[in-house]
Structure formats: C-alpha cells, structure tokens
Amino acid sequence: MALLSRLGLYLLLAGFGLWLSTLTLNEFTLTPTLISSHLKPEHQATLGVRLQPLVQKTFQSGWEFTCAFDTVLNNLNNEYRTAQQWDKVIYDEYSFALTKAAASGPLKQQPWLWFGLTFGLVIVGALLFILPALIQLAGNKNNGIFQDASTNRGWIAKGIGAFLILFYITLYYYPQYLANWTMLVDPISRALNGAEASRWFLYGFIYTVCVLVMGVRMAIKYRHNRYQQVRTASVVFFQTAVAFLLPEILVSLNKPYFDFKNIWPLDYDFFFDYNLNSLLQSGNLGIFMLVWGIVLFVVGVPILTYFFGKRWYCSWVCGCGGLAETLGDPYRQLSDKSLAAWKIERYLIHAVLGAAVVMTAMVLYTYFSGSSTVLFIDSYSVRSLYGFWIGGIFAGVVGTGLYPMMGNRVWCRFGCPLAAYLGMWQRKKSRFRITTNGGQCISCGNCSTYCEMGIDVRAYAQRGQDIVRSSCVGCGICSAVCPRGVLNLENASENSRVMVAPEVLLGNK
Ligand code: SF4
Ligand code: SF4
C-alpha cells in the first residue's frame, strides 16, 4: 500500500508538472479577423490600427504574445492620459480574450488529451495517494504533523503557499497569462454552458476538484465519525451542485448566473447595479433570486443560526468553508491561539463587516438616486477599493494563499463579513453551544491544537464551561480528536448555556 501511495504521489507530481508546462504550449497569431471580431467598433480605428505591426506575426508563447499586446495597449493609454483624454482610456479586458482567440496548437487541437495528462493525472494520483489510508484502522491519525515539511510551515508548505499566492494574483489581475489553462477546460465549459471557459470557470473547476478530492480524504480520515462524514458530504454537495454546476446550467438556459447559497455581505456585489439590473430584467426567476438573496440574509441567517449556530453555513454550506474543511484540513493546527490573535480577529472581522455595510449603502444610494457621489466620495471608487482589497487580496490571495502558514480559516476568522454577522447571532441569540464534561478532561490539548478558529478549547474544558464563541464554526473537529469524549456539539435551550465556569468540575450540569 505504501507503494500505491508513492505511485499516486509520482502521478500527482507528474500531472502537476505537465499542467505548469502547458503554459508554454501553443502558438499565437493575431489576424485582422480577430481584431475586427473582438474589439469594440470605437476601438477599431485606435487600438485596432496600433495592433497592425503584430498582425500575422507568430509568437511562440502566450507570455510573448500578451507582453506585446499589453505594450501596445499601455502605450496608447499612456498617450491618452498624458493628453488628459480620460474618456478615451481603454479599460476593456481585451488581453485575455485575444490571447485565447489567437492561440493554435496542441491545447486547442487535443484538449481532452491534455486535460487527461494534467487534471486527470493529478486527480488519479491524489486519489491513489489518499486511498491506502482505508486499510489502516479507523481513528484519528495526525502522526508526524509537526515534523512534516508540508504541514509544519516547512519548505514544502512555503512552496505551496507561494504557488497559491502567485496563482491568485495572476488569476485576479493578470488572467491573460493563464489563457492556456482555460483551454484545458473548454470542452467541459462548452458542455455545461455552451461557451468557452473564462478564468472564473477555470477557477470554479479547480476549486470544485479540490473540494471533491480532498473531500474523499476527509471522508476516509474521519470514517469513524458520522458528524464529519455527513458534514463533508454536505460541503461537497453544495460546492459541486449549487456553486459550480447550477450557475453554469442557468447560464446555458439564458438565465442569470446565480449561486443560491452565496449570501450578502460575503457576496459583496449582490447589490451592485449590474447584478440588480440583470436580476430585475430576468422575469420571475430573476425576482425570485433577488428576494431569495435578501430573505436569506434578513430571515434565514437569524433563524437558522438560532437553531443550529453558525455551523449550518460555515461548516456545512459555504464554499470558502468547504475549501477550508477539505483542502485546508491538513493545516488546521496552524491557527494562532494567542489572546492577541483573538483581539485582532474581533477588530478586523467587524471592521470588514462595517466596510461592507458602508460600501453597500453607497452602492444602493447611487443605484436609486443616480448620483455617483455620497458626501463627496465616489461610490464607484469605494466599491472597487473594497473589491480589490477585501474581495481579491484578503479573501483570495491572503485567505487561501496563507493556508500552509496561518491555517485554513484565515479569511473566515479575520475577514469574512458574513461570518461576523453569523457570529453575532451565535453569540447573542442561539441554541448552539459546545458542552464540556470538565471532570473528564486530561488537558492533553488536542482540541485546542486542531481548532481551526484558534479557540483555546482546552481552557473551557478544564473549567467545565460551555464554549459559546462567535467565531466557532462548529466543525466538530475538537470533539472528534478529544480522547476522552469531553466535548459535545449541542443545540438546546439558549438559557441552559453555561456562560460562567462552574465551581466544581463534575461534568456539565
Ligand atoms: S471550537 Fe471546535 S467546533 Fe468550534 S471551530 Fe474550534 S474545533 Fe471547530
Ligand atoms: S482534547 Fe479533550 S481531554 Fe484533551 S484537553 Fe481537549 S477536552 Fe481535554
């Protein structure tokens, strides 16, 4: 079985290496037809003319082609800026579309073959690497987690973190350099929505594959624990069916792209004008989507959090939580348990919630009044600042890129405005708590070690005090790793929560 595992690792690494190498494949040739079909009419006489020196020239890599195209575009835009002709500056995302359209070569001709050699090998390799764990006795296995360079902030972890950060930055801000990777998933995109893959389709596909494959790992690792099995099945279902497949199918039916489980303010552009207009112009289904989004936030969150705590969303439904609980599981022990981190967490997450509320209020003011400024502040600048720093850098680059260094819930713990909102309800008005049978605790510290939200669970267990924390996502891992059965996730009367440590540790009540 060790052999099978090793073979899996080799296949995974081979597939990953081939995937990276596909960025160098294909040739790129710009033609007059591509210019006329991709540029807007008003840009044909300006950018179209400037691009003429590149026409019919063959570039050996997407990198070369993109650099040449961006140089032409940037030079033109700089001329406009120097002449203060702001209305002529071109912001359209031509670079990605033209790079993709100008490509010819193996990835275009044999996408399925290259899909198999890259994603296929990675998936098969990962499963072969994971499956041999099935023959081990069921039970908690975290052997060597603080000695392994991939899980103890060692060189492998640093490499993975650097790759993730680079990937997010390129995906968000320089997608043209990833055009080749989108060609690998073109056939799947066409099958689902009838169009070629965008960068967001590529991202959604990779995200879903990660949740699926690492979901298998979770299901095997915690096969002795029913709560973890059902919870893992839930996040896999919501990511695959609701977040990935359903929106693509809606698009293929000419309906708005809509993720039914994404809730404002996590879904921070829900109230943006383009989204509101798209929903309002999409008939009854669009109106239903709009009402659904508002009702989920106003009614769904308080009611469901009252009955089940924030775990109903953070650990069972949310896409960010889904990735954290599957791909991020090997890193949960890296969360900072210090009081200083708890303090930073409280300030930061509520500050982001405040920023989301203010930004959305400005967006709605602009939508209904038609005025783009609120108290002399441009609401469009505020929304793009929020999108860049919170939606892009914090949630993506930092939130996922720092999994291997700061644990798997960096975004959920320090930044997610929806988690802050859910947490307020959980702390103040909820039946959820983790009860602690304090008399049984042997202070081993497993629970604190593996709490991804940095909660010092042991401190509560030692005192026999219920854990009623706004940040607890109810993942249940503290309970799963406790060797003494001290911890129990429960929903009961909110008045029975033990908010002050009892004097005698003889159990909970
Ligand atoms: S306290 Fe337990 S259930 Fe809550 S987040 Fe930490 S490990 Fe998960
Ligand atoms: S894992 Fe269980 S026994 Fe160990 S410190 Fe936590 S509550 Fe106590």
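Residues numbered from 1 in each chain as written. Chains lettered and ligands numbered in written order. Predicted model: local features only at pLDDT ≥ 70, side-chain atom pairs only at ≥ 80, totals over all residues.

- Under the annotation held in an unreviewed UniProt entry, the protein chain carries the name Polyferredoxin and is attributed to Runella defluvii.

Some words on the overall build of the protein chain
Step number 1: Tallying secondary structure elements over the protein chain gives 24 helices and seven strands in all.
Step number 2: Here the protein chain has a C-alpha radius of gyration of 25 Å; the compact-globule value for 509 residues is 23 Å, and the two agree.
Step number 3: With the principal axes as the frame, the protein chain shows a C-alpha extent of 85 × 65 × 40 Å.
Step number 4: Residues classed as buried in the protein chain amount to 39% of the 509 residues present.
Step number 5: The contacts in the protein chain between residues at least 6 apart in sequence include a share of 76% that link residues at least 24 apart. (Helix = DSSP H or I, 4+ residues; strand = E, 2+ residues; numbered from the N terminus. Rg over C-alpha atoms; globule rule 2.2 N^0.38 Å. Buried ≥ 20, exposed ≤ 12 C-beta atoms within 10 Å, placed from the backbone. Contact = placed C-beta atoms within 7 Å.)

Considering the site of ligand 1
Step number 1: Taken together, 14 residues form the shell around ligand 1, and within it Cys451, Met453, Cys472, Cys475 and Cys478 come nearest.
Step number 2: Taken together, the residues of the shell around ligand 1 sort by class into 11 nonpolar, two polar and one charged. (Near = placed C-beta within 6 Å. Nonpolar A, V, L, I, M, F, W, Y, C, P; charged D, E, K, R; others polar.)

Focus: the domain arrangement of the protein chain
Step number 1: Split by domain assignment, the protein chain resolves into domain 1 (27-104), domain 2 (150-330), domain 3 (339-418) and domain 4 (428-496).
Step number 2: For domain 2 and domain 3, the distance between their C-alpha centres works out to 18 Å.
Step number 3: Contributions of two or more residues to the side of domain 2 that touches domain 3 are made by α8 (155-173), α13 (273-280) and α16 (319-326).
Step number 4: In terms of residue count, α8 provides more of the side of domain 2 that touches domain 3 than any other element does, eight residues in total. (Domains from an automatic or database assignment.)

Remarks on the site of ligand 2
Step number 1: Around ligand 2 there are 15 residues in total, and Cys441, Cys444, Cys447, Ala461 and Cys482 lie nearest to it.
Step number 2: Per element, the largest residue contribution to the shell around ligand 2 is three residues, and it comes from helix α23 (residues 457-463).
Step number 3: Grouping the constituent residues of the shell around ligand 2 by class yields 10 nonpolar, three polar and two charged.

Examining the packing of helix α4 (residues 62-82) against helix α5 (residues 94-101)
Step number 1: It is at 10 Å that the axes of α4 and α5 come closest, and there the two elements cross at 140°. Here α4 lies oblique to α5, going by the angle between them. When the axes of α4 and α5 are compared, the crossing they make is right-handed. Each of Gly62, Phe65, Thr66, Phe69 and Asp70 in α4 lies in contact with α5, whose residues at this interface are Ser95, Leu98 and Thr99.
Step number 2: For the contact of α4 with α5, the residue count by class is three nonpolar, four polar and one charged. (Axes fitted to C-alpha atoms, helices over the stretch in contact; angles between N-to-C directions. Parallel < 35°, antiparallel > 145°, perpendicular 65-115°, else oblique. Left-handed = near helix turned anticlockwise from the far one by under 90°.)

Describing α5
Step number 1: Buried within α5 we find Tyr94, Leu98, Thr99 and Lys100.
Step number 2: Elements that come into contact with the buried residues of α5 comprise β1 (27-29), α2 (32-38), α4, β3 (103-104) and α9 (179-184).

Examining helix α17 (residues 339-369)
Step number 1: With 31 residues, α17 should reach 45 Å at 1.5 Å per residue; the first-to-last C-alpha distance of 45 Å fits that figure.
Step number 2: Along α17, the residues that are buried comprise Glu345, Ile349, Val352, Leu353, Ala356, Met359, Thr360, Met362, Val363 and Thr366.
Step number 3: Among the residues trailing α17, Gly370 stands out with phi positive, at a value near 85°. (Expected span 1.5 Å × (residues − 1).)

A closer look at the nonpolar core
As a rule of thumb, soluble globular proteins bury nonpolar side chains together.
Step number 1: Within the largest apolar cluster, 108 residues are counted, with the highest numbers of intra-cluster contacts made by Cys416, Cys447, Val457 and Cys478.
Step number 2: By residue number, the principal contributor to this core is helix α11 (residues 199-221), which donates eight residues. (Core = buried A, V, L, I, M, F, W, Y, C linked by C-beta atoms within 7 Å.)

Description of the sheet that holds strand β2 (residues 58-59)
Step number 1: Overall, antiparallel pairing links the three strands, which are arranged β2-β1-β3 in an open sheet. Of all the strands in the sheet, the pair left with one neighbour each is β2 and β3.
Step number 2: In this structure, β1 lies alongside β2, joined through two bridges in antiparallel fashion. Paired with Thr29 across the bridge in β2 is Thr58. (Pairing = 2+ DSSP bridges.)

Thoughts on the UniProt feature "transmembrane region" (unreviewed entry) in the protein chain
Step number 1: Within this numbering scheme, the UniProt entry marks residues 7-25, 112-135, 155-174, 200-220, 232-253, 285-308, 347-368 and 388-405 as carrying the feature "transmembrane region" (unreviewed entry).
Step number 2: In residues 347-368, the share of helix is 100% and the share of strand is 0%. The end C-alpha atoms are 32 Å apart. (UniProt positions renumbered as here; feature names shortened; annotations may be inferred.)

Things to note about the confidence of the model for the protein chain
Step number 1: In the predicted model, the protein chain carries a mean pLDDT of 93, and the fraction of residues at 70 or more is 99%.
Step number 2: Mean pLDDT values over the elements of the protein chain span from 84, in strand β4 (residues 373-374), up to 97, in helix α15 (residues 311-314). (pLDDT = per-residue confidence, 0-100.)

A look at unusual backbone geometry
Step number 1: Backbone torsion omega between Trp264 and Pro265 reads 10°, so that peptide bond is classified as cis.
Step number 2: In this structure, Pro265 sits in the loop between α12 (226-252) and α13.
Step number 3: Even without glycine at this site, Arg153 takes up a positive phi of about 65°.
Step number 4: Residue position: Arg153 is located in the loop between α7 (111-130) and α8.

Things to note about the packing of α17 against helix α21 (residues 417-428)
Step number 1: At a closest axis distance of 8 Å, the pairing of α17 and α21 adopts a crossing angle of 110°. If you check the angle between α17 and α21, you find them roughly perpendicular. Between α17 and α21, the residues in contact are Ile349, His350, Val352, Leu353 and Ala356 and Pro417, Ala419, Ala420 and Tyr421, respectively.
Step number 2: A class-by-class count of the residues in the contact of α17 with α21 yields eight nonpolar, one polar and no charged.

Things to note about the environment of Val185
Step number 1: Within the secondary structure layout, Val185 lies in the loop between α9 and α10 (186-193).
Step number 2: Overall, the presence of 22 C-beta atoms within 10 Å leaves Val185 in the buried class.
Step number 3: Distance in space between the C-alpha atoms of Val185 and Ser470 is 40 Å, their sequence separation being 285 residues.
Step number 4: Ignoring anything within four residues of it in the chain, the contact list for Val185 reads Ala197, Phe201, Leu202 and Phe205.

Considering the environment of Ile393
Step number 1: Structurally, the position occupied by Ile393 is in helix α18 (residues 379-401).
Step number 2: With 256 residues separating them along the chain, Ile393 and Leu137 place their C-alpha atoms 41 Å apart.
Step number 3: Among all residues touching Ile393, those that are not within four sequence positions of it are Phe388 and Val398.

Concerning the environment of Ala133
Step number 1: Tracing the sequence through the fold places Ala133 in the loop between α7 and α8.
Step number 2: With 15 C-beta atoms counted inside 10 Å, the residue Ala133 sits in the partly exposed group.
Step number 3: Along the sequence, Ala133 and Ser5 sit 128 residues apart, while their C-alpha atoms lie 8.9 Å from each other.
Step number 4: Setting aside its immediate chain neighbours within four residues, Ala133 contacts Ile220 and Lys221.

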